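Here are the chains, one letter per residue:
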Amino acid sequence: MVARADASGRDGVWSGELARIYLDERARLRRLVRRITGCAEAAEDVVQDAFVKLSGRDVGRADLGLVVRTAQNLARDAMRAERVRAAYAERVTPEQAVAGAVGPEAETAGRQELADLLAALKSLPSRTQTVFLMSRVDEMSYPQIARTLGVSVSTVEKEMISALEFCRAWRRRRG
(Lines give C-alpha, C1' and ligand atoms only; values in the text may rest on other atoms or scores of the structure.)
Protein backbone atom coordinates (compact mmCIF):
# COMPACT_ATOMS: atom_id res chain seq x y z
CA MET A 1 0.00 0.00 0.00
CA VAL A 2 1.38 3.37 -0.99
CA ALA A 3 0.80 6.25 1.39
CA ARG A 4 -0.65 9.36 -0.14
CA ALA A 5 -0.12 12.89 1.00
CA ASP A 6 -2.45 15.83 0.71
CA ALA A 7 -1.43 19.25 -0.53
CA SER A 8 0.14 20.03 2.86
CA GLY A 9 2.33 16.93 2.65
CA ARG A 10 0.78 15.07 5.58
CA ASP A 11 0.35 11.33 5.17
CA GLY A 12 -2.92 9.59 5.88
CA VAL A 13 -5.27 12.43 4.89
CA TRP A 14 -8.23 11.30 2.84
CA SER A 15 -8.20 12.16 -0.84
CA GLY A 16 -10.96 14.49 -1.98
CA GLU A 17 -12.77 11.64 -3.72
CA LEU A 18 -12.58 9.35 -0.68
CA ALA A 19 -13.93 12.16 1.51
CA ARG A 20 -16.83 12.66 -0.95
CA ILE A 21 -17.56 8.92 -0.89
CA TYR A 22 -17.54 9.05 2.91
CA LEU A 23 -20.03 11.91 2.98
CA ASP A 24 -22.27 10.36 0.31
CA GLU A 25 -22.21 6.73 1.48
CA ARG A 26 -21.67 6.89 5.24
CA ALA A 27 -25.34 6.53 6.19
CA ARG A 28 -25.89 3.59 3.81
CA LEU A 29 -22.72 1.86 5.03
CA ARG A 30 -23.74 2.40 8.66
CA ARG A 31 -27.08 0.69 7.98
CA LEU A 32 -25.33 -2.20 6.22
CA VAL A 33 -22.79 -2.65 9.01
CA ARG A 34 -25.45 -2.26 11.71
CA ARG A 35 -27.29 -5.25 10.20
CA ILE A 36 -24.08 -7.25 10.64
CA THR A 37 -23.08 -6.00 14.11
CA GLY A 38 -26.49 -5.24 15.59
CA CYS A 39 -25.08 -2.10 17.21
CA ALA A 40 -25.27 1.50 15.98
CA GLU A 41 -22.14 2.60 17.86
CA ALA A 42 -20.12 -0.32 16.54
CA ALA A 43 -21.41 0.38 13.04
CA GLU A 44 -20.21 3.98 13.21
CA ASP A 45 -16.77 2.85 14.40
CA VAL A 46 -16.49 0.15 11.73
CA VAL A 47 -17.47 2.53 8.91
CA GLN A 48 -14.92 5.07 10.07
CA ASP A 49 -12.28 2.33 10.39
CA ALA A 50 -13.03 1.24 6.82
CA PHE A 51 -12.32 4.72 5.49
CA VAL A 52 -9.20 5.07 7.63
CA LYS A 53 -7.99 1.73 6.28
CA LEU A 54 -8.55 2.93 2.71
CA SER A 55 -7.06 6.38 3.30
CA GLY A 56 -3.67 5.41 1.91
CA ARG A 57 -5.12 4.16 -1.37
CA ASP A 58 -6.17 5.94 -4.50
CA VAL A 59 -9.90 5.29 -4.14
CA GLY A 60 -12.43 6.77 -6.52
CA ARG A 61 -16.14 6.50 -7.19
CA ALA A 62 -15.51 3.35 -9.27
CA ASP A 63 -14.11 1.68 -6.13
CA LEU A 64 -17.34 1.90 -4.16
CA GLY A 65 -17.51 -1.91 -4.09
CA LEU A 66 -14.10 -1.97 -2.38
CA VAL A 67 -15.37 0.47 0.25
CA VAL A 68 -18.47 -1.66 0.88
CA ARG A 69 -16.48 -4.92 1.04
CA THR A 70 -13.93 -3.35 3.41
CA ALA A 71 -16.72 -2.21 5.75
CA GLN A 72 -18.36 -5.65 5.64
CA ASN A 73 -15.08 -7.43 6.37
CA LEU A 74 -14.28 -5.11 9.27
CA ALA A 75 -17.80 -5.66 10.65
CA ARG A 76 -17.30 -9.41 10.50
CA ASP A 77 -13.90 -9.01 12.19
CA ALA A 78 -15.56 -6.98 14.95
CA MET A 79 -18.19 -9.68 15.44
CA ARG A 80 -15.53 -12.40 15.66
CA ALA A 81 -13.65 -10.34 18.22
CA GLU A 82 -16.85 -9.87 20.22
CA ARG A 83 -17.43 -13.65 20.21
CA VAL A 84 -13.88 -14.18 21.51
CA ARG A 85 -14.45 -11.62 24.26
CA ALA A 86 -17.82 -13.18 25.17
CA ALA A 87 -16.29 -16.67 25.31
CA TYR A 88 -13.55 -15.36 27.57
CA ALA A 89 -16.08 -13.60 29.82
CA GLU A 90 -18.05 -16.84 30.18
CA ARG A 91 -14.96 -18.57 31.55
CA VAL A 92 -14.41 -15.98 34.28
CA THR A 93 -15.07 -17.57 37.65
CA PRO A 94 -17.05 -15.81 40.38
CA GLU A 95 -13.85 -15.52 42.42
CA GLN A 96 -12.21 -13.65 39.55
CA ALA A 97 -15.18 -11.33 39.14
CA VAL A 98 -15.57 -10.36 42.82
CA ALA A 99 -12.90 -8.17 44.31
CA GLY A 100 -12.74 -8.25 48.09
CA ALA A 101 -10.64 -6.52 50.69
CA VAL A 102 -7.01 -7.58 50.45
CA GLY A 103 -4.66 -7.83 53.39
CA PRO A 104 -1.08 -6.54 53.29
CA GLU A 105 0.41 -10.02 52.79
CA ALA A 106 -1.89 -10.77 49.87
CA GLU A 107 -1.18 -7.35 48.37
CA THR A 108 2.59 -7.92 48.60
CA ALA A 109 2.22 -11.41 47.10
CA GLY A 110 0.07 -9.98 44.32
CA ARG A 111 2.61 -7.29 43.51
CA GLN A 112 5.39 -9.87 43.42
CA GLU A 113 3.33 -12.12 41.15
CA LEU A 114 2.67 -9.18 38.82
CA ALA A 115 6.37 -8.32 38.73
CA ASP A 116 7.18 -11.96 37.95
CA LEU A 117 4.57 -12.04 35.17
CA LEU A 118 5.87 -8.81 33.62
CA ALA A 119 9.39 -10.25 33.67
CA ALA A 120 8.12 -13.47 32.05
CA LEU A 121 6.26 -11.48 29.38
CA LYS A 122 9.62 -10.20 28.16
CA SER A 123 10.23 -13.64 26.64
CA LEU A 124 7.29 -13.10 24.26
CA PRO A 125 7.79 -11.59 20.81
CA SER A 126 7.78 -7.80 20.93
CA ARG A 127 4.46 -7.32 19.09
CA THR A 128 2.73 -9.89 21.31
CA GLN A 129 3.97 -8.05 24.42
CA THR A 130 2.85 -4.72 23.02
CA VAL A 131 -0.64 -5.95 22.08
CA PHE A 132 -1.11 -7.60 25.48
CA LEU A 133 -0.03 -4.51 27.42
CA MET A 134 -2.05 -2.13 25.23
CA SER A 135 -5.12 -4.27 25.86
CA ARG A 136 -4.65 -5.06 29.54
CA VAL A 137 -2.79 -2.04 30.88
CA ASP A 138 -3.83 0.76 28.53
CA GLU A 139 -7.35 -0.71 28.18
CA MET A 140 -7.36 -0.14 24.42
CA SER A 141 -9.87 -1.95 22.22
CA TYR A 142 -8.69 -4.36 19.56
CA PRO A 143 -9.56 -1.91 16.74
CA GLN A 144 -7.64 0.85 18.53
CA ILE A 145 -4.62 -1.40 18.94
CA ALA A 146 -4.84 -2.47 15.30
CA ARG A 147 -4.91 1.17 14.14
CA THR A 148 -2.03 2.13 16.42
CA LEU A 149 0.18 -0.74 15.29
CA GLY A 150 -0.93 -0.67 11.65
CA VAL A 151 -2.10 -4.29 11.68
CA SER A 152 -5.48 -5.99 11.25
CA VAL A 153 -7.88 -6.65 14.11
CA SER A 154 -7.43 -10.35 13.33
CA THR A 155 -3.69 -10.01 13.95
CA VAL A 156 -4.39 -8.31 17.29
CA GLU A 157 -6.77 -11.15 18.23
CA LYS A 158 -4.15 -13.78 17.35
CA GLU A 159 -1.46 -11.95 19.34
CA MET A 160 -3.82 -11.72 22.34
CA ILE A 161 -4.65 -15.42 22.13
CA SER A 162 -0.94 -16.18 22.12
CA ALA A 163 -0.31 -13.88 25.09
CA LEU A 164 -3.23 -15.30 27.07
CA GLU A 165 -2.11 -18.87 26.39
CA PHE A 166 1.37 -17.87 27.60
CA CYS A 167 -0.14 -16.39 30.79
CA ARG A 168 -2.21 -19.53 31.45
CA ALA A 169 0.84 -21.76 30.99
CA TRP A 170 2.92 -19.46 33.20
CA ARG A 171 0.22 -19.61 35.88
CA ARG A 172 0.03 -23.43 35.72
CA ARG A 173 3.81 -23.69 36.09
CA ARG A 174 3.69 -21.49 39.19
CA GLY A 175 1.12 -23.82 40.70
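Each remark here, short or long, concerns the structure printed above.
We now turn to the structure provided with this report.

The rules behind the values
Note that residues are indexed from 1 along each chain, following the sequence as it is written. Selection of residues for local features in this predicted model requires a pLDDT of at least 70, selection of side-chain atom pairs for listing and counting requires 80 or more, and totals for whole chains, interfaces and linings are taken over all residues. Side-chain metrics in this entry use all non-hydrogen atoms of the structure; hydrogen atoms and water are not considered. Helical segments are the DSSP runs of H or I of at least four residues, strand segments are the runs of E of at least two, and each set is numbered from the N terminus. The buried label goes to any residue with under 20% of its type's maximum accessible area, the exposed label to any with over 50%, and the partly exposed label to all in between, with areas taken from a 1.4 Å probe on protein chains only. The contact rule is simple, with two residues in contact once any of their heavy atoms fall within 4.5 Å. Under the convention used here, a 1.4 Å probe and the Shrake-Rupley method define accessible areas, while residue burial counts only the protein chains that appear.

Description of the overall build of the chain
The helix and strand tally for the chain stands at eight helices and zero strands. Mapped from its N terminus to its C terminus, the chain presents α and β elements in the order α-α-α-α-α-α-α-α. Out of the 175 residues belonging to the chain, those deemed buried represent 29%. Here the contacts in the chain between residues at least 6 apart in sequence split such that 62% fall between residues at least 24 apart. Only carbon and sulfur atoms are counted for the fraction: they give 53% of the accessible area of the chain, which is about 11200 Å².

Digging into unusual backbone geometry
Not every positive phi belongs to a glycine, and glutamate 139 is a case in point at roughly 55°. Among the structural elements, glutamate 139 can be located in the loop between helix H6 (126–136) and helix H7 (142–149). Given a relative accessible area of 67%, glutamate 139 falls into the exposed group.

Honestly, that's just the spatial picture; any functional story needs more than this.
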